[in-house]
Amino acid sequence: MKNFKGIALVTGASRGLGSEIARTFVENGYGVVVNYYQNKESAEMLVNELGKENAIALYADITNKHDVEKLVNQTIKHYGYINIIINNALINFKFDPNAQEPVHELSWEKYVEQFEGSVHGALNTIQAALPYLKETDNARVVNIGTNLFQNPIVPYHQYTTGKAALVGFTRNMAKELGQYGITVNMVSGGLLQTTDASALTTEEVFKIVASSSALNRVTTPKDVAETVVFLGSDRAKGITGQNIVVDSGLTMN
């Protein structure tokens, strides 16, 4: 077994932003668990790209507590420990403004579905991994959010509300788990060029976003991934309970 800087479990890592996060962790000397739900083939292709000595693909529905417990146990069996949790998985949502239901058509079940993905999924991973995180002196949790809850350019009601709830979840976890030296933070990207989730976004929209940002550019998955890896590292040991927005200065706290 290689001498890794740490072991990162990345949920929803078979595609999109998750795959870029996994890739960036490996580039920086970490071992990675590429969690997938439906895209086994894509997860295994990513592992082959990263090298089987650096990554392993493991199935779990993050909303299923038993699945997540099994996922963590398989991680421990393979690597011997785990110290980084990246809650990235996106449940059944596409950033398509034409498909977003207006408020008078929205069902509460659509909200619940996003709370299940954003908050319940993160709760499951933290609870399952907590005994092992406590055993390390550099445990990190990073939750993936969105800048839309600050500036809902498109009213993706259920998705944005779920991620807003994740901010409160993140800060409460940071307060409680800080006694064990575990940091809990959130990284909120903007519209990314390009992931599966933003594949329906037109070039015109990307140009508008770029011209509206302080850096006059659209944020990339790599931009977000680099920030996630930083927060997962020893260099970020003094940062917890924070929501860091990575959107090229489109929104500012």
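This one's a predicted model, so the numbers in the text were calculated from it and none came from an experiment.

Caption draft 1: Spatial organisation of the overall build of the protein. For the protein, the helix and strand inventory stands at 7 helices and 7 strands. Reading the protein from its N end, one meets helices and strands in the order β-α-β-α-β-α-β-α-β-α-β-α-α-β. On C-alpha atoms alone, the protein measures out to a radius of gyration of 17 Å, which is about the 18 Å that the 2.2 N^0.38 rule sets for 253 residues. Seen through its C-alpha atoms, the protein measures out along the principal axes to roughly 50 × 40 × 35 Å. Expressed as a percentage of its 253 residues, the buried residues of the protein come to 53%. Expressed as a percentage of contacts within the protein between residues at least 6 apart in sequence, the contacts between residues at least 24 apart total 73%. Only carbon and sulfur atoms are counted for the fraction: they give 50% of the accessible area of the protein, which is about 11800 Å². Of the side chains in the protein, 21 bear a positive and 25 a negative charge, and the two mean positions are spaced by 7 Å.

Caption draft 2: A look at the environment of I91. On the secondary structure map, I91 appears in the loop between β4 (84-87) and α4 (108-133). Taking the C-alpha atoms as reference points, I91 and E113, 22 residues apart in sequence, are found 7.4 Å from one another. Those residues within four positions of I91 in sequence are excluded, and the remaining contacts are I62, T63, E113, Q114 and G117.

Caption draft 3: Geometry of unusual backbone geometry. In this model, N216 sits at a positive phi of 55°, which is unusual for a non-glycine residue. Secondary-structure assignment places N216 in the loop between α6 (203-212) and α7 (221-231). For N216, a relative accessible area of 56% gives the class exposed. A positive phi angle is found at S248, which is not glycine, with a value near 60°. In this fold, S248 is placed in the segment after β7 (243-246).

The rules behind these values
- Residues numbered from 1 in each chain as written.
- Predicted model: local features only at pLDDT ≥ 70, side-chain atom pairs only at ≥ 80, totals over all residues.
- Heavy atoms only, no water.
- Helix = DSSP H or I, 4+ residues; strand = E, 2+ residues; numbered from the N terminus.
- Rg over C-alpha atoms; globule rule 2.2 N^0.38 Å.
- Buried < 20%, exposed > 50% of the residue type's maximum accessible area, 1.4 Å probe, protein only.
- Contact = heavy atoms within 4.5 Å.
- Areas by Shrake-Rupley, 256 points an atom, 1.4 Å probe, with all protein chains shown as cover.
- Lys, Arg positive; Asp, Glu negative; His and termini not counted.
- Charge placed at Lys NZ, Arg CZ, Asp CG, Glu CD.

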